Amino acid sequence: MQKPQAAAGIIIAILLLAAIVQTANWTQGVLFAIGLALGVTLLYARFGFTSAFRRLMSVGNVQGLQAHMIMLAVASALFALILGTGFSFTGVTPAGYVSPVGTSLIFGSFIFGIGMQLGNGCASGTLYQVGGGASSMVLTLLAFIAGSVLGAYHFTFWMEETPSLPPISLAESTGLGYFGALIVQLILFAAIYWITVQIARKKNPPMMKPLPTTAGWKKVFRGSWPLITAAVVLALLNALTLTVRGNPWGITSAFALWGGKALMAMGIDVSSWGFFSGANGEALTQTVLADSTSVMNFGIILGAFISAAFQGTFKPKKIQPKVAAAAIIGGLLMGYGARLSFGCNIGAYFGGIASFSLHGWVWMVMAMLGTYAALFIRPLFGLKNPKSSDTFC
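Here is what the cut-offs are and how they apply
Residues numbered from 1 in each chain as written. Predicted model: local features only at pLDDT ≥ 70, side-chain atom pairs only at ≥ 80, totals over all residues. Heavy atoms only, no water. Helix = DSSP H or I, 4+ residues; strand = E, 2+ residues; numbered from the N terminus. Expected span 1.5 Å × (residues − 1). Buried < 20%, exposed > 50% of the residue type's maximum accessible area, 1.4 Å probe, protein only. Axes fitted to C-alpha atoms, helices over the stretch in contact; angles between N-to-C directions. Left-handed = near helix turned anticlockwise from the far one by under 90°. Contact = heavy atoms within 4.5 Å. Nonpolar A, V, L, I, M, F, W, Y, C, P; charged D, E, K, R; others polar. Phe/Tyr/Trp six-rings, centres within 6.5 Å; stacked < 30°, edge-to-face > 60°. 1 Å grid on protein atoms, 1.4 Å probe; cavity = no way out; pocket = protein on both sides within 12 Å on 5 of 7 lines; lining within 4 Å. Points joined across faces, edges and corners; volume = space filled by probe spheres on them. Parallel < 35°, antiparallel > 145°, perpendicular 65-115°, else oblique.

Asker: Even after reading the chapter, I still don't get helix H14 (residues 292-311), so can you show me in this structure?
Answerer: For an α-helix, the turn length of 3.6 residues means that residues three or four places apart are oriented alike. For H14, which comprises 20 residues, the first-to-last C-alpha distance of 28 Å matches the rise-based estimate of 28 Å (1.5 Å per residue) to within 8%. Buried residues dominate H14, accounting for 18 of its 20 residues. Immediately downstream of H14, the backbone of Gly312 shows phi near 80°, a positive value.

If you want it as structure tokens, here you go:
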């Protein structure tokens, strides 16, 4: 256990919580605390979206995707209850993420799939690995922000000049209602889970590499957590986010905001860009501590940092040039792709499917295809893909 780092992380978290409550309100403080919990969960389980897709597409390891199906099933049930009844802890009417299905979604999610394999992390993975001490992920994050800004600049073109269907909700656009849509999605999750079992039987892939761990009750505080446990916790935390701020968990809108604020500080007016209209434009004039997505992101990074210190695994390393190049390219692709596809693996995939939006399912398929394409690109940067002959992947 790295006690100095752990103590420093806890102190910073307390001070930041006080600053958030003082500057904004207690609702923002609660969201920051939820972010901390998300960071802890992600790091203790090394819960991956990037690695889950890569293992599946390369060697047929299905452990990660099975955890996703359980996470999505639990989240869908909770979202159906919350959205169907309008339940809220703060009086804000809850609304899911339901977005259009069109060219921007298809292209954006595809290049996001490529980007997350080059950057070695998705949106949530980038944040928790930055907190966990992965040096290259700092470059991925910076490029992610830059790509998000570029996507915000081109946002109007993609929304107005490319073909698109309207937003389609399996609950509200079909007449099924939230209960009927939940039944449909549970059947889909079960079918996908059954298919993954057949894939595993046929390919007999290497299992996931064991994580750093300890014994007994100490696992709660020092990890590692089973994937299924983390899947359920993530679903609960996403549902809690929905009841507190009125929207599901999201990550990448904050990246566009941070980049936009940086450009504004340099004298570049981004307020006329289509993406920065409405609430996004208002956020440009306020402190980032008033932006719920930003404070949750800060919480994820700090929660992961504290957890890594508790495990004694916070050990940044030198970055190889090829890895640095892949991190930057991957970050740019993810940032741009997230803006085009109405979110990332969290806002579009996790939040979209849990909100019964068709765009979440399309995002999943296209990101999988992007992952497959990236398997042929990764070796160019010295990045290894899992092999069927590996003991672990």
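The rest of the description comes next.
Asker: Honestly, the packing of helix H7 (residues 136-153) against helix H15 (residues 321-340) in this entry has me stumped. Any pointers?
Answerer: In a pair of packed helices, the angle between the axes and the distance between the axes together describe the arrangement. As a packed pair, H7 and H15 sit with axes 6 Å apart at the nearest point and diverge in direction by 35°. Crossing geometry of H7 relative to H15 is assigned as right-handed. Facing H7, whose interface residues are Ser136, Leu139, Thr140, Ala143, Phe144, Ala146, Gly147, Ser148, Leu150, Gly151 and Ala152, H15 presents Val323, Ala324, Ala327, Ile328, Gly331, Leu332, Met334, Gly335, Tyr336, Ala338 and Arg339. Among the residues making up the contact of H7 with H15, the classes are represented as 14 nonpolar, seven polar and one charged.

Asker: Explanation requested: the packing of aromatic side chains in the structure shown.
Answerer: Each pair of aromatic rings is reported with the distance of its centres and the angle of its planes. Scanning the model with the defined rule gives 22 aromatic pairs in all. A ring pair is formed by Phe107 and Trp158, whose centres lie 5.5 Å apart and whose planes are at 10°; its orientation type is stacked. Within this pair, whereas Phe107 is found in helix H5 (residues 103-119), its partner Trp158 is found in helix H8 (residues 155-160), the two being separated by 51 residues in sequence. Between Phe157 and Trp158 the ring centres are 5.6 Å apart and the planes differ by 75°, which places this aromatic pair in the edge-to-face class. Of the residues examined, Phe157 reaches a relative accessible area of 45% and is grouped as partly exposed. We classify Trp158 as buried; its relative accessible area is 14%. One aromatic cluster is present, formed by Phe47, Phe49, Phe53, Phe112, Phe144, Phe255, Trp258, Phe298, Tyr349 and Trp363 through successive ring pairs.

Asker: Any chance you could explain the side chain of Gln66 here in plain terms?
Answerer: You can see Gln66 is positioned in helix H4 (residues 63-85). Exposure remark for Gln66: the relative accessible area of 14% places this residue in the buried category. Discounting chain neighbours no more than four positions away, the residues touching Gln66 are Tyr193, Thr196 and Val197.

Asker: When you look at the layout of surface pockets in this model, what are you seeing that I'm missing?
Answerer: A water-sized probe rolled over the atoms picks out the places where empty space is left. There is about 1,700 Å³ of room inside the largest pocket. As for the largest pocket, its lining consists of 47 residues, and the residues nearest its centre are Arg46, Arg54, Arg55, Tyr128 and Gln129. Those elements giving two or more residues to the lining of the largest pocket turn out to be helix H2 (26-45), helix H3 (50-59), helix H6 (123-132) and H7. Of the residues belonging to the lining of the largest pocket, the class tally is 21 nonpolar, 16 polar and ten charged. The computed volume of the second largest pocket comes to approximately 820 Å³. As for the second largest pocket, its lining consists of 32 residues, of which Tyr97, Ser253, Asn280, Asp291 and Thr293 are closest to the centre. By residue class, the composition of the lining of the second largest pocket is 13 nonpolar, 15 polar and four charged.

Asker: What exactly am I supposed to notice about empty space enclosed by the protein here?
Answerer: Counted under the stated rule, the structure contains one cavity of 30 Å³ or more. One number sums up the size of the largest cavity: a volume of about 40 Å³. Split by residue class, the lining of the largest cavity holds six nonpolar, four polar and no charged.

Asker: How do you make sense of the packing of H4 against helix H9 (residues 177-203) when you look at a structure like this?
Answerer: For the pair H4 and H9, interaxial distance at closest approach is 10 Å and the crossing angle is 175°. With respect to their mutual orientation, H4 and H9 come out roughly antiparallel. Between H4 and H9, the residues in contact are Leu65, Gln66, Met69, Ile70, Leu72, Ala73, Ser76, Ala77, Ala80, Leu83 and Gly84 and Tyr178, Leu182, Gln185, Leu186, Phe189, Ile192, Tyr193, Thr196 and Val197, respectively. Its residues placed into classes, the contact of H4 with H9 shows 15 nonpolar, five polar and no charged.

That's the geometry; what it means functionally is another story.
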